[in-house]
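A structural walkthrough
Spelled out from the first residue to the last, the chains are:
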Amino acid sequence: MATAIQGVAPRTARPTTREAFPPGSLRFDWINTVLGALWLIGIFIDGWAHNHDKVDNTFFTPWHAILYSMFGVFGIFLTLTLTRNLTRGYMLTRALPRGYSLSMLGILIFAFAGVFDFAWHSLFGFEIDTEALLSPAHLLLALGFVLVMTGPVRSLVARIPAHSSPNWREFGPLTASLTFTFALFAFFTQFTHPFVYEIAAMKGGNSNIYQSLGVSAILIQSALTMGLVLWAVRRWRLPFGALTLFIAVPSAMVTVFQDRMALIPGAIAAGLIAEMLYLWLKPTADRMGRFVLFGLLVPIAVYSLYFLTVQLTYRLGWSIHLWAGSIVMAATVGLMLAFMLAWPHSDTQSTA
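The structure presented is a predicted model; accordingly, all values stated were derived computationally and were not measured. (Residues numbered from 1 in each chain as written. Predicted model: local features only at pLDDT ≥ 70, side-chain atom pairs only at ≥ 80, totals over all residues. Heavy atoms only, no water.)

Comments concerning the environment of Ala 162
As a reminder of what qualifies: Where helices and strands are cited, they refer to DSSP runs of H or I of at least four residues and of E of at least two residues respectively, numbered from the N terminus. Here, two residues are considered to be in contact whenever any of their heavy atoms come within 4.5 Å of each other.
Looking at where Ala 162 falls in the secondary structure, it is placed in the loop between helix H6 (151–159) and helix H7 (168–188). Discounting chain neighbours no more than four positions away, the residues touching Ala 162 are Arg 235 and Trp 236.

Here you go:
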């Protein structure tokens, strides 16, 4: 008989050893992914409210209510699953399907961090601007979310063989979970994100300090994005659309903080060009030349389209030396990451 909660061991099942995990399922992975997406939306709504001066100096806001409600739903779901599996004889540390024990730890960390956040505000007041992204309490909240959101990633990495060609049904929860995790990274690095602050078009953007900040933002986001993309490409043959999600969604989501939605089409176009490059080059770690070329060309596509979009919507203020050099620097980051990820295969396998 089917259980009400996927990921819960069937009523008649008993673990064969004390080391067993309850069986996982794609449905359980998808439920976790959807709940994580709703939770992330709550985080972004709260961030939007802060950036648009919708928050007074109080912890009890409607934005926090949305955020913590989404967290509560996820926490209840995992707790019910864990409790029911405990009654079936599973150990406490193995009462969730493989890959999800750290998710439960993330729920506990987030709950503790919420109380810590309230105490922090009571003691030191409320953060302003970038302070909010660097507050120890908020970073602890981020850690809790990442541990929970990556549950489907850990589960599916264990179940999908390396170098296989998963379809969207199999790969969907992993793709979405990784995308939402990196959207949170973009959230917490929004102070150095070119899709939040298009410094290349700002008045005063040609001062030395602003130029330095603008180029640094491109380098940091290139490293984060290409680290994700190249890791996934190295491990699997990705279904069409995965790269577009990895590249476009985190950047698109952070544009809401400064109402820069005009930059979204460029991000989507860059993702689609990455898909074309992937189909053309067919990069794998044992074909090092193609893998490295892919790592080089994707950042060129992303930031060429970024600067084109900025020019069309806000008008570039940077010189050709600066914006072209920034593209080359971003490509260099992708090139170096590709070399590092592919290098263990280069001594014994083909580099064609």
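Brief notes about the nonpolar core
Cut-off, in case you're wondering: We call a set of buried Ala, Val, Leu, Ile, Met, Phe, Trp, Tyr and Cys residues a nonpolar core when their side-chain atoms join them within 4.5 Å. Partly exposed describes any residue whose relative accessible area lies between the buried limit of under 20% and the exposed limit of over 50%, with all areas from a 1.4 Å probe on protein chains only and scaled to the type maximum.
Formed by 93 residues in total, the largest nonpolar core has its most connected members in Trp 39, Leu 40, Leu 238, Leu 243, Phe 246 and Phe 294. Not counting residues up to four positions away in its chain, the partners in contact with Leu 40 are Phe 145, Phe 180, Ala 183, Leu 184 and Met 253.

Remarks on the environment of Val 333
Here Val 333 shows up in helix H12 (residues 320–346). Residue class for Val 333 comes out buried when judged on its relative accessible area of 17%. With residues near it in sequence (within four places) discarded, Val 333 still touches Leu 219, Ser 222 and Ala 223.

Topic: helix H5 (residues 136–149)
For the α-helix, the turn length of 3.6 residues means that residues three or four positions removed from each other point alike. As a reminder, the rule being used: One less than the number of residues in a helix, times 1.5 Å, gives the span that helix is expected to have.
Between its first and last C-alpha atoms H5 spans 20 Å; for 14 residues at 1.5 Å apiece the expected length is 20 Å, and the two agree. Regarding H5, the residues found buried are Ala 137, His 138, Leu 141, Ala 142, Gly 144, Phe 145, Val 146, Leu 147, Val 148 and Met 149.

A word on the confidence of the model for the chain
Selection criterion: A residue's pLDDT is simply how confident the predictor is in it, with values from 0 to 100.
Overall, the predicted model of the chain reaches an average pLDDT of 86, with 89% of residues at or above 70. Every residue in residues 1–5 is under pLDDT 50, and counting partners more than four places away or in other chains gives eight contacts. Throughout residues 345–352 the model reports pLDDT below 50, and contacts reaching past four residues in sequence, or to other chains, amount to 16 contacts.

Remarks on the packing of helix H1 (residues 26–51) against H5
Convention followed: Angles run from 0 to 180 degrees between N-to-C directions of axes, and those axes are lines fitted to C-alpha atoms, restricted for helices to the stretch in contact. Working definition: roughly parallel below 35 degrees, roughly antiparallel above 145 degrees, roughly perpendicular at 65 to 115 degrees, and oblique for all remaining angles. Here a crossing is taken to be left-handed if its near helix is turned anticlockwise relative to the far helix by less than a right angle, and right-handed if that turn runs clockwise. Residue type decides the class: Asp, Glu, Lys and Arg count as charged, Ala, Val, Leu, Ile, Met, Phe, Trp, Tyr, Cys and Pro as nonpolar, and the leftover types, Gly among them, as polar.
Where H1 contacts H5, the two axes come as close as 10 Å, and the packing angle between them is 155°. Here H1 lies roughly antiparallel to H5, going by the angle between them. For the crossing formed where H1 meets H5, the hand is left-handed. Contact residues: Asn 32, Thr 33, Gly 36, Ala 37, Trp 39, Leu 40 and Ile 43 in H1; Phe 145, Val 148 and Met 149 in H5. Classifying every residue of the contact of H1 with H5 by side-chain character gives seven nonpolar, three polar and no charged.

Regarding the packing of aromatic side chains
Rule in force here: The aromatic pairing rule takes the rings of Phe, Tyr and Trp, using the six-membered ring of Trp, and pairs them if the centres are within 6.5 Å, calling planes under 30 degrees apart stacked, those over 60 edge-to-face and the rest tilted. A ring is considered to have a charge above it if a Lys NZ or an Arg CZ atom is located within 6 Å of its centre and within 35 degrees of its normal.
If you walk through the whole model with that rule in mind, you get 23 aromatic pairs. Chaining the aromatic ring pairs together yields one cluster made of Trp 39, Tyr 68, Phe 71, Phe 74, Phe 110 and Phe 145. The ring centre of Tyr 314 lies 5.7 Å from the NZ or CZ of Arg 260, which sits over that ring.

What to know about the side chain of His 138
Structurally, the position occupied by His 138 is in helix H5. The contact partners of His 138, leaving out residues within four places of it in the chain, are Asp 117, His 121, Glu 127, Ala 132 and Phe 188.

Section: a nonpolar patch on the surface
Basically, it comes down to this: Only residues whose relative accessible area exceeds 30% and that form no salt bridge enter a patch; like-charged residues are grouped when within 9 Å of one another, and nonpolar side chains (Val, Leu, Ile, Met, Phe, Trp, Tyr) when within 5 Å. Note on areas: these come from Shrake-Rupley sampling with a 1.4 Å probe, and a residue is covered only by the protein chains present in the view. Each reported salt bridge corresponds to a side-chain nitrogen of Lys or Arg within 4 Å of a carboxyl oxygen of Asp or Glu.
A surface patch of nonpolar side chains, amounting to about 460 Å² of accessible area, comprises Phe 240, Ile 268, Leu 272, Met 276 and Leu 279. Residue placement: Ile 268 occurs in helix H10 (residues 264–281). We classify Ile 268 as partly exposed; its relative accessible area is 39%.

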